Amino acid sequence: RAEDGTAVPPSQRGVRVPPGVTVFDAASWNGIAIDSTCGGHGTCHKCKVQVTSGGEVPVTRHDVRTFTPAQLEDGWRLGCLVHATRDLAVEVPPLTTRPKAATVGIGRQVILRPALQKRYVELDEATLADQRTDLVRLTDAIEDLELTADLHVLRRLSTVLREADFKVTAVILDESLIDVEPGDTTAARYAIAFDLGTTTVVGTLLDVGTGTPMAVTSMLNAQQPFGGDVITRISATMMDDEALGRLQQAAASTLSSLAGQVCREAGVDPAQVYEVAVAGNATMTALALGIDPEPLGVAPFVMSSSQPPSVLASEIGLTLHPRARAYFFPALGAYVGGDIVAGMLATGMDRDKRTRLFIDVGTNCEIVLSDGETILSTAAPAGPAFEGGAIRCGMRAADGAIEVITVDPTALGDDPAVTLGVIGDVEAKGLCGSGLVDAVAELVRVGLLDATGRLVPDEAAKEIAPALADRLARIGEERVFILHRPTPESDPAECVYLSQRDVRELQFAKAAISTGWSLLLEQLGLEHRDVQQVLLAGSFGSYLSPASAVRIGLVPQLPVLRIVAAGNVAGEGAKMALLSVRERAGALALLEEVTYVELSDRPDFNDAFVEQLSF
Ligand code: FES
């Protein structure tokens, strides 16, 4: 329903976002456009939404200035000032004006200047007095661009012009004429942004004329059977000559099934998708392009090129417009790839004067630090702990995974000593990365884990946390803390638990990451407190509890308000590249602006790592 009460056909969507994310960001990350000209900074007062259920939402002074008391009573609020801390039902009015800019990423306003343009022209028919060629006739009508045309266009041009009575739409990518379509097709300007992750791939269909996301969908990368991380996939290509072709094929089938899904969902003909942008790490990019990734996996870790060539979308297995083009993001290094360049674009790392730290938490963790002048980046091998790998009860963030944990060491009677948030509200089956970080952070907080990461002895536990002590058990030789017991009689081995070894795994992972950012801080002569914002990116980082991340030292010791879930910034960067050629140039400029710091050969690395192991 629009603010004035006019009915519009509703389309219902359920989206899941990290707690604390604003309704505005939650919507824009999930392809739901909300009006805005300030990019979510609370100043334009356009992002009006109605919270229809989920409880009371605080009223800000901006809301008071924007809405009548009756509207406030009805739940109207500015979407960029409503933080989703629990399930909310929100109605989003349709856009009233056609935007000239789109809000993308972390409050970035992108002025629409897509590489893809369409121009409708009505041409004079050729006569004996006017024997200009068909191409000149067309290009003369589009005076402001120096167009070139390839053979594909020339083969169609004469027929299409005559069949359409010389009323045609020129389809232009940069300055190349890629097609001529009969009639006026200017309203159909579609492109797809892909976040090509090692684990999950996300596709967003965009109308590049308005910046509106039309459909978003995600699926697991079909390369999974070759291994969960980039190293195992690179190894697969080293051991089997046919693996590269099969991995390329798997990337193609993933991208193509996502493309099919978003087009179907939005009711868009795939032949009207003229461009795709792909943000992936260096290995995913190489594999999608069929480039041998072996040099990425062995020292000195060299890419074949930091700037992948522009290719036809059909060359990476996509069936879209026959001349549709695929743009791949450039990369800073073998382990700070195009996904991170896209993330930097989406977070404006190069445009902000604040000191900001960007951390994409995953098996390979990428870290970027900017003090407003200098930008440094590095990569830290964190291992599989955050993805649930090498963790006894570890699992991916899927139904049944414990993702939030709070403990109360003084709980009495029927009050729960351990409260679990389980994805899908089903019985707990395992522990995902954010649950692992929460579990360790909570046990550190109440003193059941000491600073060295050791579970305290049973006697001490009874004194420190009487309500929790009976959850300490042994499985074989190993001490564990029981998080969920299916039945009161269940044997510890049948429970969901955190083991002493799991704690060690997390210690190593967090030490790798905190060594990375602490050495970057040191290089710029900065202290923890100088960092004004920490952006936690990626499908895992975004769901981490900031308080837990601070408590275990995964991020600098800062007030939690300075720690922000950044969402799928790689996908957002890919959208920006499709919406603006200037942003695309910005991505390339980052290659010059960012200095890559190799940590592994630093003499002080080991000492710093050991220092960072403790909680
Ligand atoms: Fe401008 Fe919310 S987006 S006020």
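The notes below deal with the structure included here.

Calculation notes
- Residues numbered from 1 in each chain as written.
- Predicted model: local features only at pLDDT ≥ 70, side-chain atom pairs only at ≥ 80, totals over all residues.
- Heavy atoms only, no water.
- Buried < 20%, exposed > 50% of the residue type's maximum accessible area, 1.4 Å probe, protein only.
- Helix = DSSP H or I, 4+ residues; strand = E, 2+ residues; numbered from the N terminus.
- Polar contact = N/O pair within 3.5 Å; in protein donor to acceptor, adjacent residues only side chain to side chain.
- Contact = heavy atoms within 4.5 Å.
- Core = buried A, V, L, I, M, F, W, Y, C linked by side-chain atoms within 4.5 Å.
- Pairing = 2+ DSSP bridges.
- 1 Å grid on protein atoms, 1.4 Å probe; cavity = no way out; pocket = protein on both sides within 12 Å on 5 of 7 lines; lining within 4 Å.
- Points joined across faces, edges and corners; volume = space filled by probe spheres on them.
- Nonpolar A, V, L, I, M, F, W, Y, C, P; charged D, E, K, R; others polar.
- Domains from an automatic or database assignment.
- Expected span 1.5 Å × (residues − 1).
- Axes fitted to C-alpha atoms, helices over the stretch in contact; angles between N-to-C directions.
- Salt bridge = Lys/Arg side-chain N within 4 Å of Asp/Glu carboxyl O.
- Parallel < 35°, antiparallel > 145°, perpendicular 65-115°, else oblique.

1. Regarding helix α8 (residues 282-289)
When you tally the buried positions in α8, you get eight out of eight residues, the bulk of the element. Listing the buried residues of α8 in full gives Ala-282, Thr-283, Met-284, Thr-285, Ala-286, Leu-287, Ala-288 and Leu-289. Capping the start of α8 is the job of one residue whose side-chain oxygen sits 3.1 Å from the backbone nitrogen of Thr-283: Asn-281. With its phi angle positive at about 75 degrees, Gly-290 sits one or two positions after the end of α8.

2. Some words on the environment of Arg-108
Summarising the element assignment, Arg-108 is placed in strand β5 (residues 108-111). The buried category is assigned to Arg-108, whose relative accessible area is 10%. Of the polar contacts made by the side chain of Arg-108, one reaches the backbone oxygen of Leu-345; its length is 2.7 Å.

3. What about the side chain of Thr-204?
When you line up the elements, Thr-204 lands in strand β11 (residues 200-207). Residue classification places Thr-204 among the buried positions, given a relative accessible area of 6%. Those residues in contact with Thr-204 that sit more than four places away from it in its chain are Ala-191, Ile-192, Ala-193, Pro-213, Ala-215, Val-216 and Lys-575.

4. Describing the nonpolar core
With 91 residues, the main nonpolar core has Ile-192, Phe-194, Ile-316, Leu-318, Leu-320 and Phe-329 as its most contacted residues. The element that contributes the greatest number of residues to this core is helix α7 (residues 243-266), accounting for nine residues. For Phe-329, the residues in contact, after removing those within four places along its chain, are Val-278, Ala-279, Pro-308, Gly-338, Val-341, Ala-342, Leu-345, Gly-573, Ala-574, Ala-577 and Ala-587. Core analysis: the second largest hydrophobic core is formed by 78 residues, Cys-393, Val-480, Val-503 and Ala-549 among them.

5. Digging into the pairing of strand β17 (residues 364-370)
The buried fraction of β17 is high, at six of seven residues. Sheet analysis places strand β16 (residues 356-360) next to β17, joined by five bridges and oriented antiparallel. Within β17, the position partnered with Arg-356 by the bridge is Ser-370. Counted along the chain from β16 to the antiparallel partner β17, the turn is three residues long. Sheet topology places β17 next to strand β18 (residues 375-381); seven bridges connect them, and they run antiparallel. Bridge pairing in β18 places Val-368 opposite Ser-377. Here β17 folds back onto β18, and the loop between the two strands holds four residues, one of which, Gly-372, carries a positive phi near 95 degrees.

6. So, empty space enclosed by the protein
The tally for this structure, following the rule as stated, stands at one cavity of 30 Å³ or more. Of all the elements in the fold, those that place two or more residues in the lining of the largest cavity are β10 (190-196), β11 and α16 (569-579). A per-class count over the lining of the largest cavity returns five nonpolar, three polar and three charged. Of the domains in this structure, domain 3 (190-328) and domain 4 (352-384 + 506-612) are the two that each give at least three residues to the lining of the largest cavity.

7. So, helix α17 (residues 581-593)
With 13 residues, α17 should cover 18 Å at 1.5 Å per step; its first-to-last C-alpha distance of 18 Å lies within 8% of that length. Those residues of α17 that sit buried are Glu-583, Arg-584, Gly-586, Ala-587 and Leu-590. Next to the buried residues of α17 lie β5, β13 (273-280), β15 (325-328), α10 (338-347), α16 and β27 (594-596). The backbone nitrogen of Arg-582 has a side-chain oxygen 3.1 Å away, supplied by the residue at the start of α17, namely Ser-580.

8. Section: the sheet that holds strand β19 (residues 401-407)
Each strand in a sheet pairs with another by means of backbone hydrogen bonds, the pair being arranged parallel or else antiparallel. A sheet is described by the order of its strands in space; here three strands give the open sequence β20-β19-β21, paired in mixed fashion. The open sheet has two edge strands, β20 (418-422) and β21 (430-431), and neither has a second partner. Summarising the sheet, β19 and β20 pair through five bridges and their orientation is antiparallel. Note on β20: the bridge partner recorded for Thr-406 is Thr-419. Helix α11 (residues 433-446) rests against β19 and β21 of the sheet, and its axis sits at about 15 degrees to β19.

9. Looking at the pattern of salt bridges
Scanning the entire structure with this criterion turns up 25 salt bridges. Of the charged contacts in the structure, one is a salt bridge between Arg-356 and Asp-352, with a shortest N-O distance of 3.6 Å. Close ionic contact of Asp-604 with Arg-602 constitutes a salt bridge, the shortest N to O distance being 3.0 Å.

10. A short note on the sheet that holds strand β22 (residues 472-475)
Here three strands make up an open sheet; going across it, the order is β22-β23-β24 and the pairing antiparallel. Edge positions in the sheet fall to β22 and β24 (496-499), since each has one partner strand and no second. The mean angle between the axes of side-by-side strands here comes to 45 degrees, regardless of whether they run parallel or antiparallel. Judged from the four bridges that link them, β22 and strand β23 (residues 478-484) form a sheet pairing that is antiparallel. The residue of β23 that forms the bridge with Leu-472 is Phe-481.

11. Digging into the pairing of β5
Here β5 shows a clear split, with Arg-108 and Val-110 buried on one side and none of Gln-109 and Ile-111 buried on the other. Where strand β4 (residues 101-104) folds back on β5, the antiparallel hairpin that results is connected by three residues, among which Gly-105 adopts a positive phi of roughly 60 degrees.

12. Quick notes on the packing of α11 against helix α13 (residues 500-523)
With their axes 11 Å apart at the nearest point, α11 and α13 run at an angle of 105 degrees to one another. Of the possible angle classes, the one that applies to α11 and α13 is roughly perpendicular. Between α11, through Leu-436, Val-437 and Val-440, and α13, the contact on the second element is made entirely by Asp-502, Val-503 and Leu-506. Residues that form the contact of α11 with α13 fall into these classes: five nonpolar, no polar and one charged.

Geometric descriptors of this kind do not, in isolation, establish any biological role.
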